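Descriptive analysis of the structure
In case you want the letters, here they are:
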Amino acid sequence: MKFKYQCSECGSTYDLDPELTTCPSCQKNQRDNEPLRGVLEVLAEGTLPPSPADRNVALLPVPLEFFPPVPRITGELWHPLRLCEEMKLPELFIMNDGSNPTGSFKDRASVLVSAYAQQCGINSIVLASTGNAGSSMAGIGAAAGQKIVLFLPETAPPAKMIQALQYGATVYKVAGNYDMAYDLSLEYSEIMGGMNRNTAWNPMTMEGKKTVSLEIFSQLGDKAPDRVIVPTGDGCILGGVYKGFKDLLQFGLIKKMPRITAVQAEGSNALYRAWKSGSFDDSPSSTIADSISVDIPRNGYTALRYLNEFQGEVITVSDEQIIQAQTHLSSGSGLFTEPAGAAAWAGLVKHRDKISAGETVVVLATGSGLKDTATAMKGIHVPEQSIHTIKDVRG
Ligand SMILES: *Cc1c(COP(=O)(O)O)cnc(C)c1O
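Residues numbered from 1 in each chain as written. Predicted model: local features only at pLDDT ≥ 70, side-chain atom pairs only at ≥ 80, totals over all residues. Heavy atoms only, no water.

A word on helix α14 (residues 339-351)
Over its 13 residues, α14 runs 18 Å from end to end, which matches the ideal 18 Å to within 8%, given 1.5 Å per residue. Judged by how many residues are buried, α14 sits mostly within the fold: eleven of 13 residues are covered. What α14 keeps buried is the set Pro339, Ala340, Gly341, Ala342, Ala343, Ala344, Trp345, Ala346, Gly347, Leu348 and His351. (Helix = DSSP H or I, 4+ residues; strand = E, 2+ residues; numbered from the N terminus. Expected span 1.5 Å × (residues − 1). Buried < 20%, exposed > 50% of the residue type's maximum accessible area, 1.4 Å probe, protein only.)

Below, the structure written as structure tokens:
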């Protein structure tokens, strides 16, 4: 296989190069407070091996020998029988990324970024994160022996910061939101060098995230689902999901792009607004689902282009619906996912009447519920009093 970068905006192609992040000519049009211009995608050329496992490896632009020594990232499809019955969707599956090495979907991107840095002889990786990308890069980087510098909003859930520090990353707590952390981390890379892993800015992030689609396809027995429901903040997972299926289209393994339903929180719905109006505006966001709380979706232009090209859709759910969805999913299937992950389930519940019973539907559950227990407490009743004897038990 041969790999090139291709600009998602103008189509120019470039050789892979760690110095190259966005398309230099499209980046000239970058304005403040809008999504990234000139996001680069990886273009694969060549012939695919026939076996699914070899095929999924061959579609990665970095050879396996450079990969960090962690278990290969493979989320696993759940078939939640009780919920399938309740939702009247027999072919409903959940892709669980909560059991990845650091507990979130972000490991898919971090592993590829780590491998690419290793291949390029770069030992320091910098990034901004709402929490998961940072804890993920810190953990994967620890396995590889890379130095990780992380810019994290001070409001990030403590567990995610604790994870990053446990893994030995240098953490800067930012007195502001994720968008401010994003800009600070870019300034840091400019001064200090190293590889920047910011989402969409580093082409290996979207490329790493595409593995979810390749795995869904293999785990369904070389069959694409009809629909994938994707929790969305920056739109990098969304872009990655599309990119994976686009590779499968390109190599003739599927005939048709699945319908993609992006789900955003009502309080952080920049992509939804742009999908409705055709252009991005800048307005502050607020939701309990911290992993999808962004003012400016960095991969917004790429995500919107995909949604328009392949008739995707964006829907929104309230924080209340997210909290309910979290306990619904936990108690109905045994899968405890964090609020951002539960947003996709909330989207399925809200959108249920638009989905026909025969559809094969995959809902992404993108992170472990244990990453943010404070929010998860909102959906349950914690016993107020301790018991002293068996007589205190009332049934
Ligand atoms: C990052 C993240 C998302 C959203 O991904 P984007 O690429 O920002 O749209 C969803 N769920 C979890 C758990 C995440 O960490």
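Re the sheet that holds strand β2 (residues 13-14)
Reading across the sheet, the three strands line up as β2-β1-β3 and stay open at both edges, with antiparallel pairing between neighbours. At either margin of the open sheet sits one strand with a lone partner, and together these are β2 and β3 (40-45). Relative to β3, strand β1 (residues 2-7) is paired through six bridges, and the arrangement is antiparallel. Each bridged residue has a counterpart across the sheet, and for Phe3 the counterpart in β3 is Ala44. (Pairing = 2+ DSSP bridges.)

Some thoughts on unusual backbone geometry
Here the phi dihedral of Asn33 falls at roughly 55 degrees; this positive angle occurs in a residue that is not glycine. Within the secondary structure, Asn33 is located in the loop between α1 (24-27) and β3. Taking the relative accessible area as the measure of exposure, Asn33 reaches 48% and is therefore partly exposed. Backbone geometry at Ala200 places phi at a positive 75 degrees, although glycine is not the residue there. Note on placement: Ala200 falls in the loop between β9 (195-196) and α8 (203-209). Judged by its relative accessible area of 1%, Ala200 is buried.

Some remarks on the site of the ligand
Near the ligand you find 16 residues, and of these Lys106, Asn132, Gly233, Asp234 and Thr366 are the closest. A distance of 2.8 Å is found between an oxygen atom of the ligand and a side-chain nitrogen or oxygen belonging to Asn132. The contact in question runs from an oxygen atom of the ligand to an N or O atom on the backbone of Cys236, over 2.9 Å. Of the residues that constitute the shell around the ligand, the class distribution is five nonpolar, seven polar and four charged. (Near = heavy atom within 4 Å. Polar contact = N/O pair within 3.5 Å; in protein donor to acceptor, adjacent residues only side chain to side chain. Nonpolar A, V, L, I, M, F, W, Y, C, P; charged D, E, K, R; others polar.)

Structural notes on a nonpolar patch on the surface
Nonpolar side chains collect at one region of the surface, where Met377, Ile380 and Val382 lie side by side and expose about 280 Å² of accessible area between them. In this fold, Val382 is placed in the segment after α15 (373-376). (Patch = residues over 30% accessible without salt bridge, like charges linked within 9 Å, V, L, I, M, F, W, Y side chains within 5 Å. Areas by Shrake-Rupley, 256 points an atom, 1.4 Å probe, with all protein chains shown as cover. Salt bridge = Lys/Arg side-chain N within 4 Å of Asp/Glu carboxyl O.)

So, the packing of aromatic side chains
For any two aromatic rings, the description comes down to two numbers: the centre-to-centre distance and the angle of the planes. Here the structure, examined in full by the defined rule, presents eight aromatic pairs. Their ring planes at 45 degrees and their centres at 6.4 Å tell us that Tyr172 and Tyr188 sit as a pair that is tilted. In this pair, Tyr172 sits in strand β8 (residues 170-174) while Tyr188 sits in helix α7 (residues 178-192), placing the two residues 16 residues apart along the sequence. Judged by its relative accessible area of 39%, Tyr172 falls in the partly exposed class. Judged by its relative accessible area of 17%, Tyr188 is buried. Relative to Phe310, the ring of Tyr306 lies with its centre 6.3 Å away and its plane at 20 degrees, an arrangement referred to as stacked. (Phe/Tyr/Trp six-rings, centres within 6.5 Å; stacked < 30°, edge-to-face > 60°.)

Side note on the pattern of salt bridges
Under the definition given, this model contains 19 salt bridges. We note a salt bridge from Arg55 to Asp222, for which the minimum N-O separation is 2.9 Å. With Arg55 in helix α2 (residues 52-58) and Asp222 in the loop between α9 (211-219) and β10 (227-231), this residue pair connects regions lying 167 residues apart in the sequence. The class of Arg55 is buried, set by a relative accessible area of 2%. When its relative accessible area of 36% is taken as the criterion, Asp222 is described as partly exposed. Members of the salt-bridge network, linked through shared partners, are Glu9, Arg31, Glu34 and Arg37.

So, α7
The end-to-end C-alpha distance of α7 is 20 Å, a good match for the 21 Å that 15 residues give at a rise of 1.5 Å each. Among all positions in α7, only Tyr178, Asp179, Ala181, Tyr182, Ser185, Leu186, Tyr188 and Ser189 are buried. In this structure, the buried residues of α7 make contact with β6 (124-128), β7 (147-153), β8 and β9. The N-terminus of α7 is capped by Asn177, whose side-chain oxygen sits 3.3 Å from the backbone nitrogen of Asp179. (Contact = heavy atoms within 4.5 Å.)

Things to note about the nonpolar core
Counting 70 residues, the largest nonpolar core has Ile216, Val230, Leu238, Val241, Tyr242, Leu271 and Leu364 as its most contacted members. For Ile216, the residues in contact, after removing those within four places along its chain, are Leu77, Met95, Lys223, Pro225, Val362 and Leu364. Residues Ala265, Leu329, Ala346 and Ile355 belong to the second largest nonpolar core, which totals 30 residues. (Core = buried A, V, L, I, M, F, W, Y, C linked by side-chain atoms within 4.5 Å.)

Coordinates in, geometry out; function isn't part of it.
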